[in-house]
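As a plain string of letters, each chain reads:
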Amino acid sequence: GAIQILIGTNAGRLARRIGEERLVSGGTLAMAIALAAMPLIRDLAAYVLLTALFSVGVAIALPLVPSLVSKRTSPREQGTILGDANAMGSLGRVPGPLIAGYLYEQVSPAAPFLASAGLMGVAFAMTLLVYWESIRGPGHAPYRRYLSEVSYARRGNAATSVFSPQNSRQRS
């Protein structure tokens, strides 16, 4: 808790210095590492260290995600996209404890941590794609074509996505 307060209150300053994309990537990587290592620990010191690493990851990544989303959506779509993102997070918190409890009881006590680490690994890979786009410019990310096609099919009109060049706003 204290780590999250100290780092979270300085996330904006860190983002201006290091970059939002890098911080979100680093935060998700820290969470994935901490979750993957959690089943391996055998003493209190290691538990405290991994909990601190996870807390740092949460404090860095979570406050910056809405900022990244808002920079990559048109002003007209920001509320919808941010609402969808929050809804998906809430939706994940409903079955998450049930699934984790099932994994713990039926598979092994390590399974919920490893499954969560795997999901964080997917999130980390997604942040790398966003970072790739931020350094190469809109339209150069390897996932661009797929997202545009999905968006086009879903909306039935001009291909637009959260990451499309026409929705990226210039940073000041």
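Calculation notes
Residues numbered from 1 in each chain as written. Predicted model: local features only at pLDDT ≥ 70, side-chain atom pairs only at ≥ 80, totals over all residues. Heavy atoms only, no water. Helix = DSSP H or I, 4+ residues; strand = E, 2+ residues; numbered from the N terminus. Contact = heavy atoms within 4.5 Å. Areas by Shrake-Rupley, 256 points an atom, 1.4 Å probe, with all protein chains shown as cover. Axes fitted to C-alpha atoms, helices over the stretch in contact; angles between N-to-C directions. Left-handed = near helix turned anticlockwise from the far one by under 90°. Nonpolar A, V, L, I, M, F, W, Y, C, P; charged D, E, K, R; others polar. Buried < 20%, exposed > 50% of the residue type's maximum accessible area, 1.4 Å probe, protein only. pLDDT = per-residue confidence, 0-100. Core = buried A, V, L, I, M, F, W, Y, C linked by side-chain atoms within 4.5 Å. Polar contact = N/O pair within 3.5 Å; in protein donor to acceptor, adjacent residues only side chain to side chain.

Draft legend 1. Quick peek at the overall build of the chain. On a plain count of helices and strands, the chain comes out with eight helices and zero strands. Listing every helix and strand of the chain by position from the N terminus yields α-α-α-α-α-α-α-α. Looking at the chain alone, contacts between residues at least 24 apart form 62% of all its contacts between residues at least 6 apart. For the chain, the accessible area works out to roughly 10,800 Å², and carbon and sulfur atoms hold 66% of it.

Draft legend 2. The packing of helix H3 (residues 20-37) against helix H4 (residues 44-71), seen in detail. Direction vectors running N to C along H3 and H4 enclose 145 degrees, while the axes themselves pass 7 Å from each other. H3 and H4 meet at a crossing whose hand is left-handed. Of H4, the residues touching H3 (which contributes Glu 20, Glu 21, Leu 23, Val 24, Gly 27, Thr 28, Ala 30, Met 31, Ile 33, Ala 34, Leu 35 and Ala 37) are Leu 50, Leu 53, Phe 54, Gly 57, Val 58, Ile 60, Ala 61, Leu 64, Val 65, Ser 67, Leu 68 and Lys 71. Tallied by class, the residues present in the contact of H3 with H4 amount to 17 nonpolar, four polar and three charged.

Draft legend 3. Region of the structure containing the side chain of Thr 28. Here Thr 28 lies in helix H3. A residue is classified by how much of its surface remains accessible, and Thr 28, at 7% relative accessible area, is buried. Those residues in contact with Thr 28 that sit more than four places away from it in its chain are Ala 61, Met 120, Ala 123, Phe 124 and Thr 127.

Draft legend 4. Structural view of the confidence of the model for the chain. Of all residues in the chain, 75% attain a pLDDT of 70 or more, and the chain-wide mean is 78. Of all secondary-structure elements in the chain, the lowest mean pLDDT belongs to helix H8 (residues 144-155), at 49, while helix H6 (residues 95-106) reaches the highest, 94. Note that residues 149-153 has pLDDT below 50 and, in this model, six contacts with residues that lie over four places away or in other chains.

Draft legend 5. Looking closely at the packing of helix H5 (residues 78-93) against H6. Across the interface, H5 lies against H6 with an axial gap of 4 Å and an inter-helix angle of 35 degrees. Across the interface between the two elements, Leu 91, Gly 92 and Arg 93 of H5 pack against Pro 95, Gly 96 and Pro 97 of H6. Across the contact of H5 with H6, the residue classes break down as three nonpolar, two polar and one charged.

Draft legend 6. Just the nonpolar core, in detail. The biggest cluster of nonpolar side chains holds nine residues, and these are Ile 7, Ala 11, Ala 15, Leu 23, Val 24, Ala 59, Ile 60, Leu 64 and Leu 68. Those elements giving two or more residues to this core turn out to be helix H2 (11-18), H3 and H4. In terms of residues, this core owes the most to one element, H4, which gives four residues. Apart from the residues lying within four places of it in its own chain, the contact partners of Leu 23 are Ala 11, Leu 14, Ala 15, Ile 18, Ile 60 and Leu 64. Of all hydrophobic cores here, the second largest spans seven residues; its members include Met 31, Ala 32, Val 58 and Met 120.

Draft legend 7. Examining the environment of Ser 116 more closely. Summarising the element assignment, Ser 116 is placed in helix H7 (residues 111-136). The partly exposed category is assigned to Ser 116, whose relative accessible area is 31%. Considered as a pair, Ser 116 and Met 31 are 85 residues apart in the sequence and their alpha carbons are 9.2 Å apart. At 2.9 Å, the side chain of Ser 116 forms a polar contact with the backbone oxygen of Pro 112.

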